[in-house]
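Geometric and topological summary
Here's the letter readout for the chains.
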Amino acid sequence: MKNRLADTRVFTGIYLGPGVGLIALFVVVPILLTAWVSFHSWNMLTPFATMPYVGLQNYRQIFGDPVFLAALRNTIVYSVASVAIELPLALLIGIFLFNTKARGSHWVRTALFLPYVIPNVAVAIVWGYLYSPIYGPFNIVLSWFHIPAQPWLGSVHEALMSLIILNLWQTVGYYTVIVIAGLTEIPQDYYEAASIDGATKWQATRHITLPLLRRAVTFIVIILTINSLQVFAPVYILTQGGPANSTNVVVYDMYRTAFNFLNMGQASAMVFVLFLVILVLAVVELRLLARAS
Amino acid sequence: MSLILRGSKRSWAYIWLGVITVISVFPFYWMVSSSLKTSKEIMALPPHWWATHPSLQAYSTVFHVVAFARAIGNSFVVTGTATLGILVTSIMAGYVFAKYRFRGKETLFTAVLATMMVPSFVTLVPLYYFFNRLNLIDNYAALILPNIGNAFGIFLMRQFIAGIPQELIEAARIDGASEWTVLWRVITPLLGPAIATLGLFAFVFQWNRFLWPLTVVNTPNMYTVVLALNSLESYTSSVKFANVVMAGAVVGILPSVLLFVWLQKYFIRGVAMTGIKG
Amino acid sequence: MVNKAQRATVSLLAAAMGTAVLAGCGAAPNSTPSASGKVSISYLTLWPAPQVAMFQQAINKYEKSHPNVSITVRSVPFGNLLSTITTDSLSSNGPTMFDIYDLWLPSLAKDGIVAPAPGSYAADISSHYASNIVSSTDYSGKSYGYPNEVDDYALNYNKALFRAAGISSPPSTWPQLIADARALTKYNASGQIVQQGFGVITSWNSGVVHPWLAMVQSDGGQLLNKQHQPLLTSHAAEAVTNLYSQLINQYKVTSTAMSIANASTTGPYLDNFATGKTGMIIMADWWESALESSMGSNFSNVGVAPIPVGPNGTGSHTVYYSWVSTVNAHASTAQQQAAWAFLRWVNSPASGSNGSSAMGNILSSEGIMPSRTSDIAAHQAQLNTPFMKPYVQALKTAYPFPVVFGGDQLTTDIQNTIESVEYGQSSPSAALNQGQQTVSQLLSQYYGH
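Naming follows an unreviewed UniProt entry, where chain B appears as ABC transmembrane type-1 domain-containing protein of Sulfobacillus benefaciens. Recorded in UniProt under Subcellular location (unreviewed entry), the annotation for chain B is "Cell membrane". According to the UniProt record, the Sequence similarities (unreviewed entry) comment for chain B is "Belongs to the binding-protein-dependent transport system permease family."

So this is what it looks like as structure tokens:
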């Protein structure tokens, strides 16, 4: 048995090494380096070891920069709106698809989920054409209802909303499937007991379904927040942050600052600010998840 | 409100199903119909709802403009290798976290889990610098390596392996099996559903990656499908080419769509597993 | 007692981190010369496929007469070019030659990414190009490469719309510009602009800033003074920004909803002009081929005129910029020598036909003005078309876009200033004050005011 123990000790190293080691190398070390760079002035062309230390200057600069502040605000608006719209919609559609006796709902679920698995670069490209004010179909549909043509991505008031709608279309199916999965976990006899007690369907939904979906709901909120705070591709492809910075988001601003302006210090500071926002939200939401389960 | 609840009227249900389907499918429809239009028709005002003279011209053009075949090959190499790597490292680490005992295990596991919260953009600048200094820009290694250690995979595998009875492992050990044999011959064959789930999700995630490949790939020869799509966007300069871009988009999403249609039940089961039981 | 396995794991991690840090700090390895004595060099550009193919033909010709040199060419989209150059220059297998936008030259030269031209090549450059073009290849007294394309801005207008509005000639002053724009604008029942008199470009930094600066320069203004300080609060800058604000808010002849540019620097603003929804717009010559393909036979409706002169202006002074073929300073000596020799050849009449260089032929095929004096002469017919002639004329009184450190960020900062006025987020004076402050701060990092 002693041999066996030695064996597992060796294998602890062998088995953990690649997985944990690669995470340490490609996640933990770079985070620390990003933090380090954020206190320096660096254009990446000079050696890493010789970059000058500038203290909090990068942070002071980004927080004094209206463009970054707009990007931070847009990112938060985008995420809050995504959660506020997608969560209720996923619940509505999920409850509907789970309960309906109409045939073909299985196929509807498939159609709804499909956009989630295709590259969001492709989605952005296609939606760019759908939104096209002149050649796109959306404005024709609006005209059927006597609504004037909209500029969509061309308007400071509508561009961010247009990106939210695009994201909604792509991801709502994923969250709906999570809701449906949560629903299958709820024992049917709860509903039977409720209907014997004379509860209406709305009451059953309100008092049985929604409370028991709390775990799924918290999960959706966390993932949705983390994912939407990182939005990049549709901005990069469709708007480059415009018009007038109305769709500039933190990751896009960071990318431009890093790879076009070669200001790695400020870019790293931007990264850290957003990372902090994500961490705080994730911790708060994880607490909620812990309470729910 | 009651429309959406249990036992709603059939006809209303069909109307809602119809609405959801139309909204879900319409962008796909528009993509395909635009790709079949001629460059003359794509510029018609108001736009036509379908291609009146369907043509495959745009498809032959797109393969001339962008090396799509090469990009699809690159994507398969990168995604396939990374997925395999994730599966192997996750099974190994998951096994240790589930079945071994050593000091600091819980702390290490928590630390690994915490890295799930780290979005990829956080590591972009230093990782880029490293790969550049190592001369690995425009190299498969840059696309594959950083993704192989995967906290979510380790977590998923630990959950699954923890559910495998300890007696099974002990029995194998008594029969003289080495730790290597125990993991790969005894445990792994029982992990079918977990492997399918993790494999699928890793595959889709890697296939669709954008920010990292955009940063470490410069040469068109090394483009993944997503980068080929992106470059297509920058190569076209007028609405006249919308059919070509749309044809590219159709080609670019085809592998994902086929994979999904083929394995949809695993996808849906996987989402349920990660979201609810996870 | 420390568990062995744990210790092993920890040391493994430490080793991995150590390797990473070392790798990060270590010097980039030098390129290895090929054993056979053959020199391999490569050219990085942003040209579309047809021009790359033409360049390849020139390469084939050169390789035949220079069997010791092998040359490859690679193209990336404009949006990726700068980051590709800066990052690839660090690696040993990076391109030997870069096609760069002159605005990037100071930073690339200062950071030692591009190499100054050796004496005989510098002399070759200064004797075959106009002096204002040569100056765009200069950094601190040295020439850094062969100029290739040159672009400038002019007023493009739709003759059919002008005829329909009863206007006989394009505006040459601001009052005419306003009056013509008002006559050209059409609204729908709900007051939306369906045809705009004067178009602007947004969402693309040069597309916003260059036309605006062309107007500023034609009103007697400048972007920067000799000390590299911005002049955003100057009279001319304020006058043009006020004019923009009036066109949008007061006269309602410009619709920002029709102004968007996409990542490939075309998109709705171009579509609106091409489909006759924009009466006039200030744009660079290179969009000719895109317009032609979008408009078909309607392209003959496009008129080109000088930038209208402002009330304080002395004449029309548009903006121009150029592109330069440079050599990677990190390439080996043999590669650099081969690269300069090739660049001299490909830019000389020896490489092309009918007096034009191969480079001149490549640029002309895309509808772009070449910059070598002999190329301009060789392509006279093409430069004399109704579309190109006004651009060539305007070049004579044009000022270069200031080539300074941080040029790309400078352009983006000014874009933000102008867009915040166009979209009604701030008043012209507030926006310009903010912009002045931001740009001053940016430039003082490099020029230490």
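Read on for the rest.
Side note on the interface of chain B and chain A
Each partner contributes residues to the interface: chain B has 97 residues there, and chain A has 98 residues. Where chain B touches chain A, the interface holds zero salt bridges. Inspection of the region where chain B meets chain A yields eight residue pairs in polar contact (both at pLDDT 80 or more). The biggest single contributor to the side of chain B that touches chain A is helix 13 (residues 242-277) of chain B, with 17 residues.

As for the side chain of Asp 413 of chain C
Within the secondary structure, Asp 413 of chain C sits in helix 18 (residues 407-422). In this structure Asp 413 of chain C is buried but unpaired, with Arg 256 of chain A as the nearest side chain of opposite charge at 7.6 Å. Once residues lying within four places of it in the same chain are set aside, the contact partners of Asp 413 of chain C are Thr 438, Val 439 and Leu 442 of chain C.

Quick word on the UniProt feature "transmembrane region" (unreviewed entry) in chain B
Within the UniProt annotation, "transmembrane region" (unreviewed entry) is assigned to residues 12-32, 76-97, 109-131, 143-161, 182-204, 210-229 and 241-263 of chain B. Taken end to end, residues 210-229 of chain B comprises 55% helix and 0% strand; its first and last C-alpha atoms sit 10 Å apart.

Section: the domain arrangement of chain B
Splitting chain B by domain gives domain 1 (2-55) and domain 2 (66-235). If you average the C-alpha positions of domain 1 of chain B and of domain 2 of chain B, the two centres end up 37 Å apart.

Notes on the nonpolar core
Trp 212, Trp 287 and Phe 342 of chain C are the most contacted members of the largest nonpolar core, which has 334 residues in total. Beyond its immediate sequence surroundings of up to four residues, Trp 287 of chain C is in contact with Asn 156, Tyr 269, Leu 270, Phe 273, Ile 281, Phe 387 and Tyr 391 of chain C.

A short note on a nonpolar patch on the surface
Together, Trp 12, Ile 15, Trp 16, Val 19 and Ile 23 of chain B give the surface a local cluster of nonpolar side chains, amounting to about 470 Å² of exposed area. As for its position among the elements, Ile 23 of chain B is in helix 1 (residues 10-35).

Some points on the packing of helix 5 (residues 120-131) of chain A against helix 1 of chain B
For the pair helix 5 of chain A and helix 1 of chain B, the least separation of the axes is 10 Å and the interaxial angle reads 85°. Judged by the angle between their axes, helix 5 of chain A and helix 1 of chain B are roughly perpendicular. Residues Val 126, Trp 127 and Leu 130 of chain A of helix 5 of chain A lie in contact with helix 1 of chain B, whose contacting residues are Phe 26, Pro 27, Trp 30 and Met 31 of chain B. Looking at the contact of helix 5 of chain A with helix 1 of chain B residue by residue, the classes come out as seven nonpolar, no polar and no charged.

Considerations on the domain arrangement of chain C
Residues and elements named next belong to chain C. Entries for chain C in the domain assignment read domain 1 (39-151 + 320-395) and domain 2 (152-319 + 406-447). Placing a centre on the C-alpha atoms of domain 1 and another on those of domain 2 gives a separation of 30 Å. Interface area, domain 1 with domain 2, both sides summed: about 1,700 Å², of which 59% is carbon and sulfur. The tally of links from domain 1 across to domain 2 stands at five residue pairs in polar contact (both at pLDDT 80 or more). Those elements giving two or more residues to the side of domain 1 that touches domain 2 turn out to be strand 7 (145-158), strand 12 (319-328) and helix 17 (388-395). For the side of domain 1 that touches domain 2, the leading source of residues is helix 17, giving five residues. Residue classes in the side of domain 1 that touches domain 2 are distributed as 13 nonpolar, two polar and two charged.

Structural notes on the confidence of the model for chain B
For chain B, the mean per-residue pLDDT works out to 86, and 92% of the residues sit at or above 70. Contacts from residues 1-7 of chain B, a stretch scored under 50 in pLDDT, to residues over four places away or in other chains number 17 contacts.

Some details on the confidence of the model for chain C
Averaged over all residues, the pLDDT of chain C is 87; the fraction at 70 or higher stands at 90%. Contacts from residues 1-34 of chain C, a stretch scored under 50 in pLDDT, to residues over four places away or in other chains number 41 contacts.

Remarks on the pattern of salt bridges
Residues and elements named next belong to chain B. One pass over the full model with this rule turns up three salt bridges over all chains. For Arg 173, the salt bridge identified is with Glu 170, shortest N-O distance 3.4 Å. Remark: Glu 170 and Arg 173 occur in helix 8 (residues 166-174); sequence separation between them is three residues, near one turn of the helix. Note on Glu 170: relative accessible area 27%, which makes it partly exposed. One salt bridge connects Glu 179 with Arg 173, and the closest N-O pair in it is separated by 2.7 Å. In this structure, Glu 179 and Arg 173 share a single accessibility class: buried.

Some thoughts on empty space enclosed by the protein
Following the criterion strictly, the structure yields seven cavities of 30 Å³ or more and no others. Each pocket or cavity is described by its volume, and for the largest cavity that value is around 100 Å³. Lining the largest cavity are ten residues, and of these Tyr 135 of chain A together with Trp 30, Ser 34, Ile 42 and Ala 242 of chain B sit closest to its centre. Those elements that place two or more of their residues in the lining of the largest cavity are helix 1 and helix 13 of chain B.

Rules used in this analysis
- Residues numbered from 1 in each chain as written.
- Chains lettered and ligands numbered in written order.
- Predicted model: local features only at pLDDT ≥ 70, side-chain atom pairs only at ≥ 80, totals over all residues.
- Heavy atoms only, no water.
- UniProt positions renumbered as here; feature names shortened; annotations may be inferred.
- Contact = heavy atoms within 4.5 Å.
- Salt bridge = Lys/Arg side-chain N within 4 Å of Asp/Glu carboxyl O.
- Polar contact = N/O pair within 3.5 Å; in protein donor to acceptor, adjacent residues only side chain to side chain.
- Helix = DSSP H or I, 4+ residues; strand = E, 2+ residues; numbered from the N terminus.
- Buried < 20%, exposed > 50% of the residue type's maximum accessible area, 1.4 Å probe, protein only.
- Lys, Arg positive; Asp, Glu negative; His and termini not counted.
- Domains from an automatic or database assignment.
- Core = buried A, V, L, I, M, F, W, Y, C linked by side-chain atoms within 4.5 Å.
- Patch = residues over 30% accessible without salt bridge, like charges linked within 9 Å, V, L, I, M, F, W, Y side chains within 5 Å.
- Areas by Shrake-Rupley, 256 points an atom, 1.4 Å probe, with all protein chains shown as cover.
- Axes fitted to C-alpha atoms, helices over the stretch in contact; angles between N-to-C directions.
- Parallel < 35°, antiparallel > 145°, perpendicular 65-115°, else oblique.
- Nonpolar A, V, L, I, M, F, W, Y, C, P; charged D, E, K, R; others polar.
- Buried area = accessible area lost by both parts, 1.4 Å probe.
- pLDDT = per-residue confidence, 0-100.
- 1 Å grid on protein atoms, 1.4 Å probe; cavity = no way out; pocket = protein on both sides within 12 Å on 5 of 7 lines; lining within 4 Å.
- Points joined across faces, edges and corners; volume = space filled by probe spheres on them.

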